[in-house]
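So the chains spell out like this:
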Amino acid sequence: MVLNNNHKLYLSHALTSWVDRSFEFASYLLISKIYTSSLLQASVYGLTTTLTALILSNQIGNWINILSRLNTYRVTLLIQKISIVVSTVLFYYLLVLNNNNNIDDSGGTLHRSSNRLYAVITVLGCTLKLSFIGNCIAIEKDWAFVISEGHLEVLLPTMRRIDLVCKTVSPVFVGFLLAAPSPLVATIVICAWTAVSAVVEYILVSQIYNDVPALHSRAPYTPPTLTTSATQAESNQQEQEEEASVPVSFREYIHHKTFLITLSVGMLYINVLSFGGPMTSYLAMIGYSNSLLGIMKAVSGIMGVAGTYAQPLLSKRIGNVRTGLWSIWQLSLSLSLVLIAIVNKAHDTPTTTSVLIFGGMAVSRLGLWMFDIAESLILQEYTSSSHITSITGWQYSTCNLFDLLQYVLTIVWSDPAVFVVPTGISVGVVVAAAGVYTGFVWKDRGHLLHHIKLK
């Protein structure tokens, strides 16, 4: 069977996503196994990696405009894989130390040694985060656009679907690995799989690069049209090369017509009510098993995959802008159920609490991923190809700013007994994000509901 370039891109993206999602889920569970009495270490890890991404995401977007496409991919791939391999080796050593002596209760030399290793893992988490952002911007916003000749309606949802399948299956895999007699097995398997994946990904992407001549030019890509003459095409390319040499400034970004969309997306990142680091650590600390958390994250992922199928169907009927409106409000209402469950946890039965927490988070993934795809397509439509990587870099910075605040919340309220506080703040900000996006829809369309115009 001969794979075409789209299939090679899908396979490469699947390998990247599998490794990243597996390590992301495993890292917080491993930290919670080593430091068992507080959310502080997991929150500091997330805070530091997110702060690094916040500061440097825009520079990553501009850097992608400078290097050749293949060199950009090579650098991000190498940094990403090395960061994971070294981190898993250090986690292995920390787990061995913790098996011999409880690190939380230890002092002196052992405690200082474990803290140094934890600090190195955190630094590697920062390099991993930056390399993953660079890879996503390069592949999803640039390579995919060129390979599909500007037609992202099929390619982008498929890539999102692949990412979601990896987010669905890999936590189950990691959860059962960590449920083994020794969690050391998980570190060995992730390390070995990362090394193998790096080789396969490099081969696939190199083949795509060789097969698509348009990728060899650093100039922003303009899809071919029947009405564009050779002279016009050459002139347009020259203009785009000149335009691409000037990155989008922050002032230009906040005045761009997509700013409210990217702001609303960013605000969703303050949400602790997902299977990210703080929520995973919290659920593990209040008694849910690693295997159950893996299964429930898989259920949430399945709902997200359903969202990638539902979004194109709904978009065909009402358009991307209105699809985004309906989906972000569905997300807000679903997370309100989780807030109710955590507020009433002491009064409700364990079954009721579990159904509301896991059910609310699972159903919210449907709206989240429908909104994510709708936003990506709107951003691509409303932004010139010469500015898309820079605007996307600013969007990543915006997302990381709010992601940073998520970890600040769980550092300030690191005691699991007061987790209701960051929960309430998260739901409030998500509702506010829905309000911001509603403002964009009103500004863009002049009305919210199809047949009711607001004066």
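Residues numbered from 1 in each chain as written. Predicted model: local features only at pLDDT ≥ 70, side-chain atom pairs only at ≥ 80, totals over all residues. Heavy atoms only, no water.

Caption draft 1: Seen up close, the nonpolar core. Grouped together as the largest cluster of nonpolar side chains are 84 residues, with contacts concentrated most on M279, L283 and Y437. Residue contributions to this core peak at 11 residues, all from helix α11 (residues 290–343). Beyond its immediate chain neighbours, meaning those up to four positions away, L283 contacts F275, Y288, L293, I357, F358 and M361. Membership of the second largest hydrophobic core comes to 27 residues, among which are L77, I147, L155 and M159. (Core = buried A, V, L, I, M, F, W, Y, C linked by side-chain atoms within 4.5 Å. Buried < 20%, exposed > 50% of the residue type's maximum accessible area, 1.4 Å probe, protein only. Helix = DSSP H or I, 4+ residues; strand = E, 2+ residues; numbered from the N terminus. Contact = heavy atoms within 4.5 Å.)

Caption draft 2: Structural context of the packing of aromatic side chains. Taken as a whole and assessed by the stated rule, the structure comprises 11 aromatic pairs. On the numbers, 5.6 Å between centres and 85 degrees between planes, the contact of Y28 with Y45 is edge-to-face. Taken together, the residues span a long stretch of sequence, with Y28 in helix α1 (residues 5–34) and Y45 in helix α2 (residues 40–66) at a distance of 17 residues. No difference in accessibility class separates Y28 from Y45, as the two residues are buried. With centroids separated by 5.8 Å and ring planes inclined at 15 degrees, the aromatic side chains of Y253 and W394 adopt a geometry described as stacked. You can see Y253 sitting in helix α8 (residues 250–254) and its partner W394 sitting in helix α13 (residues 388–412), a full 141 residues away along the chain. In terms of burial, Y253 and W394 fall into one category: buried. Between R161 and the ring centre of Y309, over which it is positioned, the NZ or CZ distance is 3.8 Å. (Phe/Tyr/Trp six-rings, centres within 6.5 Å; stacked < 30°, edge-to-face > 60°. Lys NZ or Arg CZ within 6 Å of the ring centre and 35° of its normal.)

Caption draft 3: Local environment of the packing of α1 against helix α6 (residues 184–211). With their axes 9 Å apart at the nearest point, α1 and α6 run at an angle of 155 degrees to one another. In terms of orientation, α1 and α6 fall into the roughly antiparallel class. Considering only the axes of α1 and α6, their crossing is left-handed. Here the contact of α1 with α6 is built from residues that sort into 14 nonpolar, eight polar and three charged. (Axes fitted to C-alpha atoms, helices over the stretch in contact; angles between N-to-C directions. Parallel < 35°, antiparallel > 145°, perpendicular 65-115°, else oblique. Left-handed = near helix turned anticlockwise from the far one by under 90°. Nonpolar A, V, L, I, M, F, W, Y, C, P; charged D, E, K, R; others polar.)

Caption draft 4: Spatial organisation of the UniProt feature "transmembrane region" (unreviewed entry) in the protein chain. As recorded in UniProt, the feature "transmembrane region" (unreviewed entry) lies at residues 34–56, 77–97, 117–139, 184–205, 259–279, 291–311, 323–343 and 419–442. The annotated region residues 184–205 carries 100% helix and 0% strand content, and the separation between its end C-alpha atoms amounts to 32 Å. Along residues 259–279, the helical share is 57% and the strand share 0%, with 29 Å between the first and last C-alpha atoms. (UniProt positions renumbered as here; feature names shortened; annotations may be inferred.)

Caption draft 5: Broad picture of the pattern of salt bridges. One pass over the full model with this rule turns up five salt bridges. A salt bridge links E24 to R21, with the nearest nitrogen and oxygen atoms 3.3 Å apart. Residue E24 and its partner R21 are located together in helix α1, separated by three residues, close to a single helical turn. Residue classification places E24 among the partly exposed positions, given a relative accessible area of 32%. The shortest N-O distance in the salt bridge between K81 and E201 comes to 2.8 Å. Residue K81 is located in helix α3 (residues 69–100), and its partner E201 is located in helix α6; the two are separated by 120 residues in the primary sequence. Of the two residues, K81 and E201, neither departs from the other in class, the shared state being buried. Taken together, the shared-partner salt bridges connect R21, E24 and D163 into one network. (Salt bridge = Lys/Arg side-chain N within 4 Å of Asp/Glu carboxyl O.)

Caption draft 6: Spotlight on a nonpolar patch on the surface. A grouping of V196, V199, V200, Y202 and I203 is seen on the molecular surface, where their side chains present a nonpolar patch of about 400 Å² in accessible area. Looking at the secondary structure, you find Y202 in helix α6. (Patch = residues over 30% accessible without salt bridge, like charges linked within 9 Å, V, L, I, M, F, W, Y side chains within 5 Å. Areas by Shrake-Rupley, 256 points an atom, 1.4 Å probe, with all protein chains shown as cover.)

Caption draft 7: Geometry of the environment of L356. Relative to the helices and strands, L356 resides in helix α12 (residues 350–382). On a C-alpha basis, the gap between L356 and A341 in space is 5.7 Å, while along the polypeptide they are 15 residues apart. Beyond its immediate stretch of four places on either side in the chain, L356 contacts L337, V338 and A341.

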